[in-house]
Amino acid sequence: MKEFKIFKKEDILDNMDLLMDFYAKRYDSNYNIALKNSSHVCCCIEDGKIVGACRLITDYCSHTSIVDLVVDREKRRNGIGRRLMEDAIKCILELNTYYNNISTDPKNPWLKDFYESLGFKSRENYFTLTYPKE
Ligand SMILES: CC(C)(COP(=O)(O)OP(=O)(O)OC[C@H]1O[C@@H](n2cnc3c(N)ncnc32)[C@H](O)[C@@H]1OP(=O)(O)O)[C@@H](O)C(=O)NCCC(=O)NCCS
C-alpha cells in the first residue's frame, strides 16, 4: 500500500530512522542534521519504506526552498514526484513565505517543464550562484 505523508518538525524527529534509511544511502551519514533542520519532509511510503521524498527549509518569513526531491529509480514515472511537489506547495502556502524556490538541473530539461507545470516561474536574467564547500 502506498501512502503520502507530510512530516513536520516533531514528526521528523519521531521518524528519523525511516527517513535516514531513504536519504542516508544517497547523501551523507550526517544527513540527520539536515533533516532535523528541515521544516517539513513530504514523503511517499510503500510497504513501510520511503520510496520518494523532498524536504523544505525555511526562515518562516521570507524564503523557503524545496530540496532533495528524489524518488527510487524503479518507482519513477508513476506520479510520485508530482504528488510530492504538490504536497510541498501546500506546505509553502501554509508557511506563506515570499520567495519559494527549487533548483533545476539543465541536463534534464523536462524538470523545468515539470516545475513550471506546477506554477514555478523562471526569473529572466536571474541566475543562482553557489559558494561551494572546500
Ligand atoms: C525528479 C523525480 C523526483 C521525478 O519523480 P517521478 O516520480 O518520476 O515523477 P512523476 O512520475 O510524478 O513525473 C512528473 C512529471 O515529469 C515527467 N517526467 C518524469 N520523468 C521524466 C523523464 N525521465 N523524462 C521526461 N519527463 C519525465 C513526467 O512525464 C511527469 O509529467 P506529467 O505529470 O505532466 O505527466 C525523479 O526523476 C528523480 O528522483 N530523479 C533523480 C533526482 C532528481 O533529479 N531530482 C530533482 C533535482 S532538481
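A short tour of the structure in this document, coming up. (Residues numbered from 1 in each chain as written. Predicted model: local features only at pLDDT ≥ 70, side-chain atom pairs only at ≥ 80, totals over all residues.)

Below, the discussion takes up the overall build of the protein. When you go through the protein residue by residue, the secondary structure sums to five helices and five strands. Along the protein, helices (α) and strands (β) appear in the sequence β-α-α-α-β-β-β-α-β-α when read from the amino end. Relative to the globule expectation of 14 Å for 134 residues, the C-alpha radius of gyration of the protein, 15 Å, shows essentially globular dimensions. Principal axes of the C-alpha set define a box for the protein whose edges measure 45 × 35 × 30 Å. (Helix = DSSP H or I, 4+ residues; strand = E, 2+ residues; numbered from the N terminus. Rg over C-alpha atoms; globule rule 2.2 N^0.38 Å.)

Leu19, Val41, Cys42, Cys43, Ala53, Leu84 and Ala88 are the most contacted members of the largest nonpolar core, which totals 21 residues. At the level of secondary structure, the elements contributing two or more residues to this core comprise helix 2 (16-23), strand 2 (40-46), strand 3 (49-58), strand 4 (63-71) and helix 4 (80-95). Sorting elements by how many residues they give to this core places helix 4 first, with five residues. Setting aside its immediate chain neighbours within four residues, alanine 53 contacts Phe22, Val41, Cys42, Cys43, Val70 and Leu84. (Core = buried A, V, L, I, M, F, W, Y, C linked by C-beta atoms within 7 Å. Buried ≥ 20, exposed ≤ 12 C-beta atoms within 10 Å, placed from the backbone. Contact = placed C-beta atoms within 7 Å.)

A word on the site of the ligand. Neighbouring residues of the ligand: 17 residues in total, closest Arg76, Ile80, Gly81, Arg82 and Trp110. Put simply, the parts of the chain that give the shell around the ligand at least two residues each are strand 4, helix 4 and helix 5 (109-117). At four residues, helix 5 tops the list of elements feeding residues into the shell around the ligand. Taken together, the residues of the shell around the ligand break down into seven nonpolar, six polar and four charged. (Near = placed C-beta within 6 Å. Nonpolar A, V, L, I, M, F, W, Y, C, P; charged D, E, K, R; others polar.)

Strand order across the open sheet formed by five strands is 1-2-3-4-5, with mixed pairing between neighbours. Of all strands in the sheet, those with a lone pairing partner are strand 1 (2-8) and strand 5 (99-102), marking the two edges. Recorded for the sheet is a direction-independent mean angle of 15° between the axes of neighbouring strands. Inspection of the sheet shows strand 1 paired to strand 2 by seven bridges, in the antiparallel sense. Residue pairing for strand 2: phenylalanine 4 is matched across the bridge by cysteine 44. Along the sheet, helix 2 makes contact with strand 2 and strand 3, crossing strand 3 at roughly 100°. (Pairing = 2+ DSSP bridges. Axes fitted to C-alpha atoms, helices over the stretch in contact; angles between N-to-C directions.)

This part covers helix 4. The periodicity of an α-helix, 3.6 residues per turn, causes residues three or four places apart in sequence to face the same way. Counted at 1.5 Å a residue, the expected span for helix 4 with its 16 residues is 22 Å, and the 23 Å between its end C-alpha atoms agrees. Taken together, the buried positions of helix 4 are Ile80, Leu84, Met85, Ala88 and Cys91. The arc enclosing the buried residues of helix 4, seen along the axis, measures out at 130°, which places them on a common side. Of the surrounding elements, those touching the buried residues of helix 4 are strand 1, strand 2, strand 3 and strand 4. Asparagine 96 lies just past helix 4 and shows a positive phi near 60°. (Expected span 1.5 Å × (residues − 1). Arc of directions from axis to C-beta.)

Just distances and angles here, no functional claims.
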